[in-house]
Amino acid sequence: MEPFKNLIGPQTVADAGLHLQRAWPAFDRRRFEALASDGLAALEFKARAHHLCSALETTLPDDFSVACDVIERSLGPAGVGDELASLRTTAAGLAGWVVWPLGEFVVRRGMHAPDRALAALHALTQRFSAEYAVRPFIATHPELTFATLARWAHDPSAHVRRLASEGSRPRLPWGMQLKALIADPSPTLPLLRVLQHDPSEYVRRSVANHLNDIAKDHPALVAAWVEQHLPDAAQPLQAMLRHASRTLIKKGDARMLTAWGLGQRLQGQARLALSPQRVAVGGSITLEVRLQSTSSRAQKLVIDYAVHHVKANGETSPKVFKGWVLDLGAGESRSLSKTHSLRPITTRRYHAGRHAVELRVNGEALASAAFGLTL
């Protein structure tokens, strides 16, 4: 499989040089490509974007507004629709991953001219995404930037409307944390009220992820949001709210579970068995769940499970995984099975030892089992 970092590589450098020179004939393409290529292969993904940005700083005009004019003329046509993956460089101009270093250039050089910088990001995000580049402007020029995002929430382009939500997420993965918004997310709530009804699923999914970010620090706020907007919500809004609720549902937040009709304790029994009892890293375990209802009515259940991973110091840390969402009929018995992989991943390091697994039904731990993990 091709390494992810190669999305920014020699072809990206050549494309940028070609189209920047097309946009500005005086552009020193040879120097840019030499600077951008020097040492590029040894760098990881984010470092590659910053390396290309440094080459841009050396070769684009010193006047920031003029440099933005060049960048905007180098771009391909604005993306139509809302499919991010389809945006890529063509003979018509730049798009795709090359936008990342272009956005970083706007951040580095444009903090003194935020109006012109935000106008450039408006153009860039329609060719890929400016979600990382807009965040320093939120932190440094919050009043201006939020006024701009409020306008963008009504923009004809779904890519721009999505940026209003995605760029202002408090805990955007890979992006700088917006600590002021982690502490107080209220400046983004007017944006989300507008965008949660957006006709684009692409935009609504960003709103869901944004609300889910907020839920990690302000669970009561997001629970209240769902309580307010869920009744009589049309299917698209309902799906968005469900996705926004996922962290609190997995945590067993009582208020959120009640909002979704999941607040009742299981009337009946739940049993959990694991096989095998001992497994090596790289293998998998199978969860066998047995449910028995003692109720005279159907019960709506969300069933998740927490694996208590052993840490290097011997303590354990739980990680909740999605299991099943189902309606258990009156007096019904049901068996469920799920395979859980223990393959190494970049975000988790496994350690040998006894790993407990906890079955959670509507947020309540009702059964547990354990397996031994070897290296």
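Residues numbered from 1 in each chain as written. Predicted model: local features only at pLDDT ≥ 70, side-chain atom pairs only at ≥ 80, totals over all residues. Heavy atoms only, no water.

Notes on the pattern of salt bridges
Any two side chains of opposite charge can pair, so long as their charged atoms come close to each other. By the definition in use, this model includes 19 salt bridges. The partner of glutamate 201 in a salt bridge is arginine 205, and the shortest N-O contact between them spans 3.2 Å. With glutamate 201 and arginine 205 both in helix H12 (residues 201-215), this residue pair falls four residues apart, about one helical turn. Residue classification places arginine 205 among the partly exposed positions, given a relative accessible area of 40%. A salt bridge links lysine 311 to glutamate 315; the shortest N-O distance between them is 3.9 Å. Take glutamate 315: its relative accessible area is 47%, and that puts it in the partly exposed class. (Salt bridge = Lys/Arg side-chain N within 4 Å of Asp/Glu carboxyl O. Helix = DSSP H or I, 4+ residues; strand = E, 2+ residues; numbered from the N terminus. Buried < 20%, exposed > 50% of the residue type's maximum accessible area, 1.4 Å probe, protein only.)

So, the packing of aromatic side chains
Under the criterion given, the structure shown has 11 aromatic pairs. Seen from their ring centres, tryptophan 97 and tryptophan 100 are 6.2 Å apart, and the 50° between their planes marks the pair as tilted. Look at tryptophan 100 and you get buried, because its relative accessible area is 11%. Each member of the aromatic cluster is reached from another via a ring pair, and the members are Phe45, Trp97, Trp100, Phe128, Tyr132 and Trp174. (Phe/Tyr/Trp six-rings, centres within 6.5 Å; stacked < 30°, edge-to-face > 60°.)

Section: the nonpolar core
Of all hydrophobic cores here, the largest spans 80 residues; its most connected members are Leu60 and Leu121. Ranked by the residues each element gives to this core, the list is headed by H12, at seven residues. Once residues lying within four places of it in the same chain are set aside, the contact partners of leucine 121 are Gly103, Val106, Ala130, Ala133, Val134 and Phe137. If you look at the next biggest cluster of nonpolar residues, it comprises 27 residues, including Leu274, Leu328, Phe371 and Leu373. (Core = buried A, V, L, I, M, F, W, Y, C linked by side-chain atoms within 4.5 Å. Contact = heavy atoms within 4.5 Å.)

A look at the packing of helix H5 (residues 99-110) against helix H6 (residues 114-124)
Relative orientation of the contacting elements H5 and H6 amounts to 175°, with a least axis distance of 10 Å. The angle between H5 and H6 places the two elements in the roughly antiparallel class. Here Val99, Leu102, Gly103, Val106 and Gly110 of H5 lie close against H6, whose contacting residues are Pro114, Ala117, Ala120, Leu121 and Leu124. Looking at the contact of H5 with H6 residue by residue, the classes come out as eight nonpolar, two polar and no charged. (Axes fitted to C-alpha atoms, helices over the stretch in contact; angles between N-to-C directions. Parallel < 35°, antiparallel > 145°, perpendicular 65-115°, else oblique. Nonpolar A, V, L, I, M, F, W, Y, C, P; charged D, E, K, R; others polar.)

Remarks on the sheet that holds strand S8 (residues 364-374)
Strands sit in the order S2-S8-S7-S4-S5 across an open sheet of five strands; the sheet is mixed. At either end of the open sheet lies a strand with only one pairing partner, and these are strand S2 (278-280) and strand S5 (316-328). Averaged over all adjacent pairs, the angle separating strand axes in this sheet is 30°, with direction ignored. Inspection of the sheet shows strand S7 (residues 353-361) paired to S8 by nine bridges, in the antiparallel sense. Paired with glutamate 358 across the two strands is serine 368, which belongs to S8. (Pairing = 2+ DSSP bridges.)

Looking at helix H13 (residues 219-229)
Every buried residue of H13 is listed here: Val222, Ala223, Trp225, Val226 and His229. Down the axis of H13, the sector holding all buried residues measures 155°, keeping them to one side. Close packing links the buried residues of H13 with helix H11 (189-195), H12, helix H14 (235-244), helix H15 (246-251) and helix H16 (254-259). (Arc of directions from axis to C-beta.)

A word on H12
In this model, H12 (15 residues) spans 21 Å end to end at C-alpha, consistent with the 21 Å of a helix rising 1.5 Å per residue. Of all the 15 residues making up H12, 13 are buried; the element is thus mostly covered by neighbouring parts of the structure. For H12, the N-terminal capping position is held by serine 200, with its side-chain oxygen 3.2 Å away from the main-chain nitrogen of tyrosine 202. (Expected span 1.5 Å × (residues − 1). Polar contact = N/O pair within 3.5 Å; in protein donor to acceptor, adjacent residues only side chain to side chain.)

Things to note about the environment of arginine 88
By secondary structure assignment, the location of arginine 88 is in the loop between helix H4 (64-74) and H5. For arginine 88, a relative accessible area of 55% puts it in the exposed group. Note: C-alpha distance between arginine 88 and threonine 58 (30 residues apart in sequence) is 25 Å. Ignoring anything within four residues of it in the chain, the contact list for arginine 88 reads Ala95 and Gly96.

Re the packing of H4 against H5
Put simply, H4 and H5 touch, their axes get as near as 11 Å, and they point 170° apart. Between H4 and H5, the angle falls in the class roughly antiparallel. Between H4 and H5, the residues in contact are Phe64, Ala67 and Ile71 and Leu102, Phe105, Val106, Arg109 and Gly110, respectively. For the contact of H4 with H5, a count of residues per class yields six nonpolar, one polar and one charged.

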